[in-house]
Amino acid sequence: MDENNRSHLEIAIEGMTCASCSARVERALNDLPGVWARVNLTTEQASVDYVPQETGPQTLADVIAQTGYAPVVAETELAIEGMTCASCVRRVEKALQALPGVLAATVNLATERASVRYFPATVQIDAFTAAVAEAGYAARLLSGSSEAAALRKRQVQTTMRREVLLATVLAIAVLLLSMGGHWVAPLHVWLDSVRPFPHFWEWVEAAMTTVVLFGPGRRFFRPGFIAYRHLSPDMNSLVATGTGAAWLYSMLVLLAPELFPVAARAVYFDSAAVVIAAVLLGKYLEELAKGKTSAAIRKLLGLQAKEAHVLRHGVEETVAISAVAAGDRVIVRPGERLPVDGRIQAGDSHVNEAMLTGESLPVTKHAGDKVVSGTINLEGRLVVEATEVGTRTVLAQIIRLVEQAQTDKLPIQRLADQAVRVFTPVVLGIALLTFVVWLVVGPAPAITMALLSAVAVLVVACPCAMGLATPAAIMVGTGRAAELGVLFRKGEALETLSKVDMVLLDKTGTLTEGRPSLTDCLAADPTLLLRWAAAVESASEHPLARAVLEAARLRQLVLPPITAFRAVPGYGVEAVVEGRLIRIGTPRFLEQEGRSPDAWADEVAALEAEGKTVIHVTADHLTLGVLAIADTIKSDARALVAAIQDAGLEVAMVTGDAHRTADAVARQVGIHAVHAEILPQGKSEVVRRLQREGHRVAFVGDGINDAPALAQADVGIALASGTDIAIESAEVTVTRGDLGGIITAIHAARKTMRTIRGNLFWAFFYNILLIPVAAGVAVPVGLQLNPMLAGIAMGLSSVFVLTNSLRLRGMKPWPLGTASSTATDLSVTTAKGALS
């Protein structure tokens, strides 16, 4: 291995217990091309030399994981200051990725954050801040305090506002001195009359412009020149070059006028000062708009309690939320937000869980019930044992997911990044060509046209809007979706979900309630039948028994006592109720007792055709009636299927149930394609088969037993509620109970991607249109873009992109109507004389 062409890593490894473990890892690493590794069991660390052109850090981590051990990989987030455009993003990413031990680095211009995955045994966080500083920017480890972050944001905005005011006042003064005499003749006369020496006012312009450029304008010059040093010019470079050229030329005219022909001894301080002021104003408006794009995160952070009342040694103490530990007993008074996830030890109350479930009605809570941080205790004093605190609470996980999705880089953004990579050098070439051409063919003095046109090209072409086009829309789109109960675990899921053409719905728990319910009662006296049946079933543990008991409870029936209870596995149960022998079970159970189940035969056949389970009830060998039980279809299931189909997508259902039951449910909700009798592990194969047929599949399930299918699908959508949110099992999680969240997620993805495409079109179209105009191709028809107007246009392009993204804040939850279904209410059929 060529030592001059290799890199070195130290990788901590967890899970090794003996020499064979370390030997296995070492062999696997050394089998990679260009790798020489030594694994030390004592230090639990691998020392690896590798050739970067042949093997990368991520490959090393993957191979260690494949051998059955865990490479220790850390993640951190940095706040980056000073970035202004997509080129800045690329340079910061490049600086971080160049560090040994960094697996991946993603930088987001809209959030001004860098997310870094790295081997902590090789590289430390200090190296990240140093690398970013070397690239020309400032970096700091993100503080966990939302108040501190908000304070820093306000300080940045205050500083920028002060600099914008200073630059604007001085730029207007320079503009009046240079151009005011042309607009107002008396002003020209007055300026001439008070001039103490020749070129006095030009020197005043020079002084004020110098203050503008090297005061407020220093934010462009320093990083711009650092970018040149790294051979990676960016937006700062373009602004610094354009305004610096105008200032330098003007200073030379004042200091050494003999170097220039008389006709070329004009100064352009006004262009330099006004461009800096205009661009700075645009960046300030951009900063304000970026603050609005993160409104969803601020709302979520606002739901977190700042302190808690904790019982310690029998004494109530008020402590910071960071000081609460799992197992602590927390007091929550009426009107307070719950600071932790936990279980109620004492107290009764109603809790507003709208932030989690979207349900405005409060939920009754008693001792033993679970509660979630961020929800509001409406009444009563609660004593809650903390089970999850800090970053482990449901609310904290939701916030982390939204932040991660906002930091993600979509494939469409990578295309834009590639375009920006060559864009700035091309613009510099165009500006140079523009200068040379006008210097040769321009009207005398040619230097005027050449300089103004070149500066206009440099200023108008700044790629700020390109860098904001994707992250701004992702921030607003995922943030608003979170408010509507849809969590995108990865930003990339937005783009993938917008392209799916097939939605595969799990039946149980998705289209149905996921629990059996009593749907039909055929009897001469339905109330009597239900009382006696529920009394017998009260002694049974069978799932169908719970459906009968729940139906009796809802009707507030008083159940009589029973005796002589007997269960016959596979057949049914019996007991004596109010002096009658009540039997409940299958037709075989009745046939054993010499009783024919022919009564209600036609109705029973119809119920079974609907996929319902029918149980027969007799009293002293006489037919009492029939009960039908089914997993009831959700009231909005049919509306969901119709909405998905209206969106132009195919819909199919997958279930482990028998074909008859599956077909019955599918008919009721309007699905034509059914995959029945599929085992849980077989659901992922159904997804694969559809993908092989060319479909892009979104799988919708409960996020737990459907995990293989959720992972296999192009996009997995998990339905979840309460503290059982399965936010780690799918790319998208619907946190509220209604199925409308599924179609909300699809439309949110589509609208966000439409906005991104619109942003990118505007950003590229704007440059394609205005660069030639700035270069002077329209001068023959009397149209020329002044550098000052170019600066204003450049700023407005970024503001337009951000404003267009902010329109996503107006997204509404997708309303699903409810479809009536015979499975949702108890159907009662009465026949006189069935029981004598």
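Named according to an unreviewed UniProt entry, the chain is P-type Cu(+) transporter originating from Acidithiobacillus ferrianus. Comment text from UniProt for the chain, heading Subcellular location (unreviewed entry), reads "Cell membrane". Quoted straight from UniProt, the Sequence similarities (unreviewed entry) entry for the chain says "Belongs to the cation transport ATPase (P-type) (TC 3.A.3) family. Type IB subfamily."

A few words now on the confidence of the model for the chain. Low-pLDDT portions of the prediction should not be read for the details of their coordinates. With 86% of its residues at a pLDDT of at least 70, the chain reaches an overall mean of 81. Under a pLDDT of 50 for its full length, residues 722-726 has, in the predicted model, 18 contacts with residues more than four places off or in other chains. Every residue in residues 831-836 is under pLDDT 50, and counting partners more than four places away or in other chains gives 13 contacts.

It is worth spelling out a nonpolar patch on the surface at this point. A surface patch of nonpolar side chains, about 660 Å² in accessible area, is lined by Leu432, Leu433, Val436, Val437, Leu439, Val440 and Val441. Among the secondary structure elements, Leu439 is positioned in helix H14 (residues 411-441). For Leu439, a relative accessible area of 39% gives the class partly exposed.

Let us look at the sheet that holds strand S7 (residues 113-118). Ordered in space as S6-S7-S5-S8, the four strands form an open sheet in which the pairing is antiparallel. The open sheet has two edge strands with one neighbour each: strand S6 (102-108) and strand S8 (138-141). On average, adjacent strands in this sheet sit at an angle of 25° to one another, irrespective of strand direction. Both strand S5 (residues 74-81) and S8 contribute to a ladder of four bridges, which runs antiparallel. Across the sheet, the residue bridging to Ile80 is Ala139, located in S8.

With that settled, consider the environment of Tyr249. Along the polypeptide, Tyr249 turns up in helix H9 (residues 235-255). Since its relative accessible area comes to 10%, Tyr249 is described here as buried. Considering only alpha carbons, one finds Tyr249 and Val267, 18 residues apart in sequence, at a separation of 7.4 Å.

This brings us to the UniProt feature "transmembrane region" (unreviewed entry) in the chain. Under the local residue numbering, the UniProt record ascribes the feature "transmembrane region" (unreviewed entry) to residues 164-185, 200-217, 238-256, 262-282, 419-441, 447-470, 760-782 and 788-806. Helix makes up 83% of residues 200-217 and strand 0%, with an end-to-end C-alpha separation of 24 Å. This span, residues 788-806, is 100% helix and 0% strand, and a straight line between its end C-alpha atoms measures 27 Å.

Turning our attention to the pattern of salt bridges. Counted according to the given criterion, the structure contains 19 salt bridges. With a shortest N-O distance of 3.0 Å, Glu163 and Arg218 are connected by a salt bridge. A residue pair is termed long-range when its members are at least 10 positions apart, and Glu163 in helix H5 (residues 146-183) and Arg218 in helix H8 (residues 218-229) qualify at 55 residues. Exposure remark for Glu163: the relative accessible area of 10% places this residue in the buried category.

Turning our eyes to something else, we now look at helix H4 (residues 125-134). Taken together, the buried positions of H4 are Phe128, Ala131 and Val132. Down the axis of H4, the smallest arc covering the buried residues is 95°, so these residues share one side. Against S5, helix H3 (86-97), S6, S7 and S8 lie the buried residues of H4. Positive backbone phi, at 105°, marks Gly136, one or two positions downstream of H4.

Right, let's get into helix H2 (residues 57-66). Turning to H2, its buried residues number three or more, namely Pro57, Leu60, Ala61, Val63 and Ile64. Angularly, the buried residues of H2 cover 165° about the axis, an arc narrow enough to put them on a single face. Phi turns positive, to about 105°, at Gly68, one or two residues after H2.

Along the chain, Thr393 turns up in the loop between strand S17 (382-388) and helix H13 (394-407). Ignoring anything within four residues of it in the chain, the contact list for Thr393 reads Asp341, Ser373 and Glu388.

Scanning the model with the defined rule gives seven aromatic pairs in all. On the basis of an interplanar angle of 70° and a centroid distance of 4.8 Å, the ring pair of Phe200 and Trp201 is categorised as edge-to-face. Its relative accessible area of 22% is what places Phe200 among the partly exposed residues. Taking relative accessible area as the criterion, Trp201 reaches 16% and is therefore assigned buried. Their ring planes at 10° and their centres at 5.4 Å tell us that Phe761 and Phe765 sit as a pair that is stacked. With Phe761 and Phe765 both in helix H27 (residues 740-775) and four residues apart, the pair spans about one turn of that helix. By relative accessible area, Phe761 is classed as exposed at 56%. Here the aromatic cluster, defined as three or more aromatic residues joined through ring pairs, consists of Phe214, Phe221, Phe225 and Trp247.

On to the packing of helix H23 (residues 637-646) against helix H24 (residues 659-669). Where H23 meets H24, the axes come as close as 8 Å, and the angle between the chain directions of the two elements is 70°. Relative to H24, the element H23 lies roughly perpendicular. Note on element contacts: H24 touches H23 through Arg667, Gln668 and Val669, opposite Ala637, Arg638 and Val641. Among the residues making up the contact of H23 with H24, the classes are represented as three nonpolar, one polar and two charged.

The geometry of helix H17 (residues 492-499) relative to H27 is characterised by a closest axis approach of 8 Å and an angle of 105° between their N-to-C directions. Relative to H27, the element H17 is oriented roughly perpendicular. From H17, Leu494, Glu495, Leu497 and Ser498 reach across to H27, where they touch Ala745, Ile746, Ala748, Ala749, Arg750, Thr752 and Met753. A class-by-class count of the residues in the contact of H17 with H27 yields seven nonpolar, two polar and two charged.

Moving on, we get to the sheet that holds strand S3 (residues 45-50). Across the sheet, which stays open at both edges, the four strands sit in the order S2-S3-S1-S4 with antiparallel pairing between neighbours. Of all the strands in the sheet, the pair left with one neighbour each is strand S2 (35-40) and strand S4 (70-71). By the bridge criterion, two bridges tie strand S1 (residues 7-14) to S4 in an arrangement that is antiparallel. Looking at S4, one finds that Glu14 is bridged to Ala70. The sheet contacts of H2 involve S1, S2, S3 and S4, and relative to S1 the element is tilted by about 30°.

The subject of this paragraph is unusual backbone geometry. Leaving glycine aside, a negative phi is the common case for residues, and trans is the common case for peptide bonds. Phi angles above zero are rare outside glycine, and Gln556 is one such case at about 55°. With respect to the helices and strands, Gln556 occurs in the loop between helix H20 (543-554) and strand S21 (562-568). Notably, Glu578 is not glycine yet its phi reads approximately 50°, a positive angle. Residue position: Glu578 is located in the loop between strand S22 (572-577) and strand S23 (580-585). Judged by its relative accessible area of 47%, Glu578 is partly exposed.

Conventions and cut-offs
- Residues numbered from 1 in each chain as written.
- Predicted model: local features only at pLDDT ≥ 70, side-chain atom pairs only at ≥ 80, totals over all residues.
- Heavy atoms only, no water.
- UniProt positions renumbered as here; feature names shortened; annotations may be inferred.
- pLDDT = per-residue confidence, 0-100.
- Contact = heavy atoms within 4.5 Å.
- Patch = residues over 30% accessible without salt bridge, like charges linked within 9 Å, V, L, I, M, F, W, Y side chains within 5 Å.
- Areas by Shrake-Rupley, 256 points an atom, 1.4 Å probe, with all protein chains shown as cover.
- Salt bridge = Lys/Arg side-chain N within 4 Å of Asp/Glu carboxyl O.
- Helix = DSSP H or I, 4+ residues; strand = E, 2+ residues; numbered from the N terminus.
- Buried < 20%, exposed > 50% of the residue type's maximum accessible area, 1.4 Å probe, protein only.
- Pairing = 2+ DSSP bridges.
- Axes fitted to C-alpha atoms, helices over the stretch in contact; angles between N-to-C directions.
- Arc of directions from axis to C-beta.
- Phe/Tyr/Trp six-rings, centres within 6.5 Å; stacked < 30°, edge-to-face > 60°.
- Parallel < 35°, antiparallel > 145°, perpendicular 65-115°, else oblique.
- Nonpolar A, V, L, I, M, F, W, Y, C, P; charged D, E, K, R; others polar.

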